[in-house]
Amino acid sequence: MTVSLSVGSMLIIHNVWMSETSLRRSAVSQYFYVKLDFDAVTPLAVAVDIVSDFQDLVSIGADRTAAFEDIFLHHPGFVAEGPDSVKSSSQPAKFWGNWIVQAEVGKKPVVDHDMAFTFQQLGIDGVARWMVTAERYRSELGRVMNTLYRAGLFVQDKFLSRVAALESMHMTWSGKTGRNSLHGRLTPLAKQLGGDVFEKLVPRNKRSSWVQKVVDERHDIAHHLKGSSHGNAERFFLSETVYWLFVICMLREADAPDACFEHLARNPRFVWRAEQIATIM
């Protein structure tokens, strides 16, 4: 399946094969990879950004970290000359870097029920729209996903990064880059982009209270106020609602199908967060 990009194309490949491990036993194996083809010489940073955008989509959809095992670089001029009867073949250069996204070891295999949404629900056209949306909000997306990928972050650090990403997203989405209040930025995102899906997490009649709690918490953390009325548990759940609002807004901007939002609303982690938020609102 191929997705058109502004600088080339992205091919998504899923291979499945069966191998015999003994006379009475066979094994089914699979692997996924993404291939980027560029129309012209392209900076490595651009390629990494595009790969990261796709990785973020898979991580959000699977509701767990999706880590690449290898990255290979190919160049048209770097080929191995074979015998006359064998065509020359492109030789890859393996990419080594400090990639912070690591696989989550020991987790059970991914099942549809636990995912935020599936590829079947999003579709290849949805992936294409996501790539366009991710390019527009790349800074905000990277900041939010860093709170999932990087281990050891304090709850307040995650909270501040996620709120800042929403605030920046509103500037791009609305075109209002002036000194709007945080309250004035969160409210339309929750109401217009979050809509009925976000209301399953934070009911409409609690929206104003939720926005005020987020604003107050951001103020307390940013100014190191010791008299914060929110404990770590409440701060954690507020942070989670900010994350889910960002995800919903990104999917709205990417014009994701209704099936994605319906599945998201049934996600066990989403449902459990809603139950916990109800106790602090």
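Refer to the structure printed above.
As a convention, each chain's residues are numbered from 1 in the sequence order in which they are written. pLDDT decides what is reported in this predicted model: residues at 70 or higher carry local features, side-chain atom pairs at 80 or more are listed and counted, and totals for whole chains, interfaces and linings draw on all residues regardless. The basis for the side-chain values is all heavy atoms of the structure; hydrogens and waters are excluded.

K.L.:
Would you explain the overall build of the protein in this entry?
P.N.:
Counting secondary structure elements, the protein contains nine helices and seven strands. Its C-alpha atoms give the protein principal-axis dimensions of about 75 × 50 × 35 Å. Burial here depends on accessible area, computed with a 1.4 Å probe over protein chains only, as a share of the maximum for the residue type. Under 20% is buried, over 50% is exposed, and the range in between is partly exposed. For the protein, buried positions account for 38% of its 281 residues. Considering only residue pairs separated by 6 or more positions, the protein has 64% of its internal contacts joining residues 24 or more positions apart. What sets the accessible areas is the Shrake-Rupley method with a 1.4 Å probe; for residues, cover comes only from the shown protein chains. Approximately 16,200 Å² of the protein is accessible, and the part contributed by carbon and sulfur atoms is 53%. Neither His nor the chain ends contribute to the count of charged residues, in which Lys and Arg are positive and Asp and Glu negative. By convention, the point assigned to a charge is CZ for Arg, NZ for Lys, CD for Glu and CG for Asp. Computed over 31 positive and 31 negative side-chain charges, the separation of the two mean positions in the protein equals 6 Å. Numbering of helices and strands runs from the N terminus; a helix is a DSSP stretch of H or I covering at least four residues, while a strand is a stretch of E covering at least two. Here, two residues are considered to be in contact whenever any of their heavy atoms come within 4.5 Å of each other.

K.L.:
I would appreciate a short explanation of the nonpolar core in the present structure.
P.N.:
Across soluble globular proteins, nonpolar side chains have a tendency to be buried as a group. As used in this record, nonpolar core signifies buried Ala, Val, Leu, Ile, Met, Phe, Trp, Tyr and Cys residues forming a set joined through side-chain atoms within 4.5 Å. Among the nonpolar cores identified, the biggest contains 63 residues, and M10, V127, W130, M131 and W210 are the most heavily contacted of them. Discounting residues that sit within four places of it in the chain, M131 has contacts with V3, L5, M10, I50, D53 and F54.

K.L.:
Which parts of the structure should I look at to understand the pattern of salt bridges?
P.N.:
Side chains that differ in charge, positive against negative, can pair when their charged atoms come close. Only one rule defines a salt bridge in this text: a Lys or Arg side-chain nitrogen within 4 Å of an Asp or Glu carboxyl oxygen. Taken as a whole and judged by the stated rule, the model has 13 salt bridges. D196 is paired through a salt bridge with R252; the nearest N and O atoms lie 3.0 Å apart. Here the residue D196 occupies a position in helix α5 (residues 182-199), and R252 occupies one in helix α7 (residues 232-253), the gap between them amounting to 56 residues. The class of R252 is partly exposed, set by a relative accessible area of 27%. With a closest N to O distance of 2.8 Å, E240 and R269 form a salt bridge. With E240 in helix α7 and R269 in helix α9 (residues 268-280), the pair connects residues that are 29 residues apart, well separated along the chain.

K.L.:
Would you take a moment to explain the packing of helix α4 (residues 155-174) against helix α6 (residues 207-222) for this structure?
P.N.:
Helices that pack against each other are described as a pair by the angle of their axes relative to one another and the distance between those axes. Every axis in this analysis is a line fitted to C-alpha atoms, fitted for helices over the stretch in contact. Angles between the N-to-C directions lie between 0 and 180 degrees. Two elements in contact, α4 and α6, have axes whose closest approach is 10 Å; the angle formed by their N-to-C orientations is 120°. In terms of their interaxial angle, α4 and α6 are classed as oblique. As α4 packs across α6, the resulting crossing turns out to be left-handed. Between α4, through Q156, F159, L160, V163 and E167, and α6, the contact on the second element is made entirely by V214, E217, R218 and I221. Looking at the contact of α4 with α6 residue by residue, the classes come out as five nonpolar, one polar and three charged. Relative orientations are named as follows: roughly parallel for angles under 35 degrees, roughly antiparallel for angles over 145 degrees, roughly perpendicular for angles from 65 to 115 degrees, and oblique for any other angle. Left-handed describes a crossing in which the near helix is turned anticlockwise from the far one by less than a right angle; the clockwise case is right-handed. Amino acids outside the nonpolar list (Ala, Val, Leu, Ile, Met, Phe, Trp, Tyr, Cys, Pro) and the charged list (Asp, Glu, Lys, Arg) are all regarded as polar, and Gly is one of them.

K.L.:
Quick question: what am I supposed to make of the packing of aromatic side chains here?
P.N.:
How two aromatic rings sit relative to each other is set out by the distance from centre to centre and by the angle between their planes. Think of it this way: a Phe, Tyr or Trp ring, Trp meaning its six-membered ring, pairs with another when their centres are within 6.5 Å, and the plane angle makes it stacked under 30 degrees, edge-to-face over 60, tilted otherwise. The full count for this structure, using the stated rule, is five aromatic pairs. Ring geometry for F198 versus W210: centroids 5.0 Å apart, planes at 70°, classification edge-to-face. Taken together, the positions of F198 in helix α5 and W210 in helix α6 put the pair twelve residues apart, joining distant regions of the chain. Using a relative accessible area of 0% as the deciding quantity, one classes W210 as buried. Seen from their ring centres, F237 and W272 are 5.6 Å apart, and the 65° between their planes marks the pair as edge-to-face. Remark: W272 occurs in helix α9 and F237 occurs in helix α7; sequence separation between them is 35 residues. The class of F237 is buried, set by a relative accessible area of 10%.

K.L.:
Even after reading the chapter, I still don't get a nonpolar patch on the surface, so can you show me in this structure?
P.N.:
Among the surface-exposed residues, V16, M18 and V28 lie close enough to one another that they form a single nonpolar patch of about 330 Å² accessible area. Relative to the helices and strands, V28 is located in strand β3 (residues 26-38). Accessibility expressed as a relative area gives 59% for V28, which makes it exposed. Each patch groups residues whose relative accessible area exceeds 30% and which form no salt bridge, using 9 Å between like charges and 5 Å between nonpolar side chains of Val, Leu, Ile, Met, Phe, Trp and Tyr.

K.L.:
Can you help me understand helix α8 (residues 258-266) in this one?
P.N.:
What sets the pattern is the α-helix's 3.6 residues per turn: residues three or four places apart point alike. Looking at α8, one finds that the buried residues are C260, F261, H263, L264 and A265. At its buried positions, α8 is contacted by α2 (119-136), α5, α7 and α9.

K.L.:
Sorry if this is basic, but what is going on with the packing of α7 against α9 here?
P.N.:
At a minimum axis separation of 10 Å, α7 and α9 run at an interaxial angle of 130°. With respect to their mutual orientation, α7 and α9 come out oblique. As α7 runs across α9, the sense of the crossing is left-handed. Contacts from E234, F236, F237, L238, E240, T241, Y243, W244 and I248 in α7 reach R269, F270, W272, R273, Q276, I277 and I280 in α9. Considering only residue class, the contact of α7 with α9 consists of ten nonpolar, two polar and four charged.

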